[in-house]
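Structural overview
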Amino acid sequence: MTEWWQRGAVYQVYPRSFADSDGDGVGDLRGLRAHLDHLAGLSVAAVWLSPVFPSPMADFGYDVSDLCDVDPLFGTLADLDDLVADCHARGIRVVLDWVPNHTSDQHPWFLASRSSREDPRRDWYVWRDGAPDGGPPNDWRSEFAAVGPAWTHDERTGQWYLHSYTPQQPDLDWENPAVEAAMHDVVRFWLGRGVDGLRIDALQRLAKDPLLRSNAGSDRRHDQDWETAHERLRGIRRVVDEFPDRMIVGEVYLLDLPRVVAYLAGGDQLHLAHNFVFVHLPWDAEAFRAAIEEFEALAEPEAWPAWFLGNHDHSRIATRYDIGDGDDGGHGPARARAVALLLTALRGTPFLYQGDELGLPDAVVPPDRVVDVDGRDPERAPLPWRPPSVAGPGAGFTTGDPWLPLVADAERLCVERQAADASSTLSLVRRLAALRAGSPTLQTGRQRMVDAGPGVLAWLREDDDDRLLAAVNFTSEPRPLPVDGEATLLVSTDPGRPPGRDVELGPDEAVLLRLAGG
Ligand code: GLC
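Here the structure is a predicted model, which is why all the values come from computation and not from measurement.

**Notes on the sheet that holds strand β18 (residues 510-515)**
Across the sheet, five strands lie side by side as β12-β13-β14-β18-β16; this open sheet has antiparallel pairing. Strands with a single pairing partner mark the edges of an open sheet, and in this sheet they are β12 (446-450) and β16 (487-492). The sheet shows a mean angle of 25° between the axes of neighbouring strands, direction not considered. Where strand β14 (residues 467-473) lies against β18, five bridges are found, and the strand directions are antiparallel. Note that in β18 the partner of A471 across the bridge is V511. Contacting β12 and β13 (456-462), helix α10 (residues 285-298) runs over the sheet at an angle of about 145° to β12. Sheet strands in contact with helix α16 (residues 425-437) are β16 and β18, and its direction is about 130° off that of β16.

**Some points on the nonpolar core**
Judged by nonpolar contacts, the single largest core of 129 residues is most densely connected at L49, L270 and F278. At eight residues, helix α12 (residues 332-345) tops the list of elements feeding residues into this core. Leave out the neighbours within four places in its chain, and L49 touches V13, P15, L29, L32, L80, L83, V95, L96 and D97. Counting 15 residues, the second largest nonpolar core, distinct from the first, contains W5, V249, F276 and F308.

**A closer look at the domain arrangement of the chain**
Domain boundaries assigned for the chain yield domain 1 (4-101 + 176-433), domain 2 (108-162) and domain 3 (446-515). Contact between domain 1 and domain 2 buries roughly 1,500 Å² in total, counting both sides, with carbon and sulfur atoms accounting for 60%. Linking domain 1 with domain 2 are one salt bridge. The salt bridge involving R205 is made with E143; its shortest N-O contact spans 2.5 Å. Counting the contacts that link domain 1 with domain 2 gives seven residue pairs in polar contact (both at pLDDT 80 or more). Residues that form the side of domain 1 that touches domain 2 fall into these classes: nine nonpolar, five polar and eight charged.

**With respect to the pairing of strand β11 (residues 349-353)**
In terms of burial, β11 is largely enclosed, as five of its five residues are buried. Of the two faces of β11, the one carrying T349, F351 and Y353 and the one carrying P350 and L352 are both buried. Inspection of the sheet shows strand β10 (residues 306-307) paired to β11 by two bridges, in the parallel sense. Counterpart to A306 in the pairing with β11 is T349.

Calculation rules
Residues numbered from 1 in each chain as written. Predicted model: local features only at pLDDT ≥ 70, side-chain atom pairs only at ≥ 80, totals over all residues. Heavy atoms only, no water. Pairing = 2+ DSSP bridges. Helix = DSSP H or I, 4+ residues; strand = E, 2+ residues; numbered from the N terminus. Axes fitted to C-alpha atoms, helices over the stretch in contact; angles between N-to-C directions. Contact = heavy atoms within 4.5 Å. Core = buried A, V, L, I, M, F, W, Y, C linked by side-chain atoms within 4.5 Å. Buried < 20%, exposed > 50% of the residue type's maximum accessible area, 1.4 Å probe, protein only. Domains from an automatic or database assignment. Buried area = accessible area lost by both parts, 1.4 Å probe. Salt bridge = Lys/Arg side-chain N within 4 Å of Asp/Glu carboxyl O. Polar contact = N/O pair within 3.5 Å; in protein donor to acceptor, adjacent residues only side chain to side chain. Nonpolar A, V, L, I, M, F, W, Y, C, P; charged D, E, K, R; others polar.

Structural data, given as structure tokens:
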């Protein structure tokens, strides 16, 4: 049986930047509810919301101070219930972002934990004495280079606490069964409320070496991906399976595919894993082919791939792939379109980050507007809905001052303009999504890579009823596409494709063809 999370794309909303309903410059749940037509137009299977829980916003919501409520900035719990109901009415599932590795330093658990060494919550977080030289307990570093050591000294109790991210995000101690039980109850709270799934933030951080040994001098890291991660994940999955038809997708931020795939093994861990190896690939057909084949080779046959090339932590696709071999750029828009076809036509669940359907580039964020500790503001710029010349500088995102500057070309890239233009990226992405929605072959058909010459990634999708060929030209020159027999062009990413140029691919062009004899 095809599950809901296999059929269509999962669309990631970064709520702060999606749509602002009350003019405070920050997106909110009512703003999102008012734009569900946009999601429906992309035929998405589900929407994943980055965190909307109460938070001091040191990491823009990934520092959670109440795990079972909604931050007033975004609305209320009732707004979230309404959003879930509205999404369900449209056949869209809702996935929330669950942050189990850490809380905010303002969470009552941590306030208690740091209050004294004797507090019953002391061992809910990782507290240790400093090293003999007075420095931190070991050499672990924060994920964010600007933060430095993953330890902060606390004057009051004279010990250090661990934070894999900012000091405002103390790591919970999953060695403590009480922590594990409390976090399981958080899962029950949201799934019991009718939420369809969870994205598990920083899953690889849930298990560290309990001896807290330093990384240096070891052949592997001790501060993440410890063996116990898998039994902890199985415990989470058992809770998820108390509810029918739910899904968990893990952020398994490891650049080692065998280790990522291990989180999908056995049918009792994740349903889907984000594959960060993919995000870090150069724009190169051979590299993409190798990564796709490596996943297929490593994963158990039942393991279902998830493909993504953009999220709120990475430079946007149209910017990342803008520079070609030996030129100054200008490839971004065409490559963003090619990526849309790639993600739609690969076997697996595509993840789309808000704005990718518009081919948005990174925004330019002047130094005095920088707010993120890790340089991620450019990909988090608010979504332009309407032309600023008509809707004002907030571009239909807000009537107030947006919390981050918008992309430079909001006038041309906004949703309203693109929706009215059949050759736009938005129109292309809608067409691709509709094709996938109507094609069991694209959803679940077999997949086989095809040799199409250097620089071209090509693959077949087939089942008993249909045979489709997808191809992406990763080069900046025309490339022939060898096709046996007759083929019908279903979609090209090149709006200017001359008719009749059938089996040649333009620079950075991707196509989807139906082969005769299907
Ligand atoms: C994940 C999130 C990122 C956040 C970090 C800490 O990597 O995607 O945005 O900063 O976890 O929660």
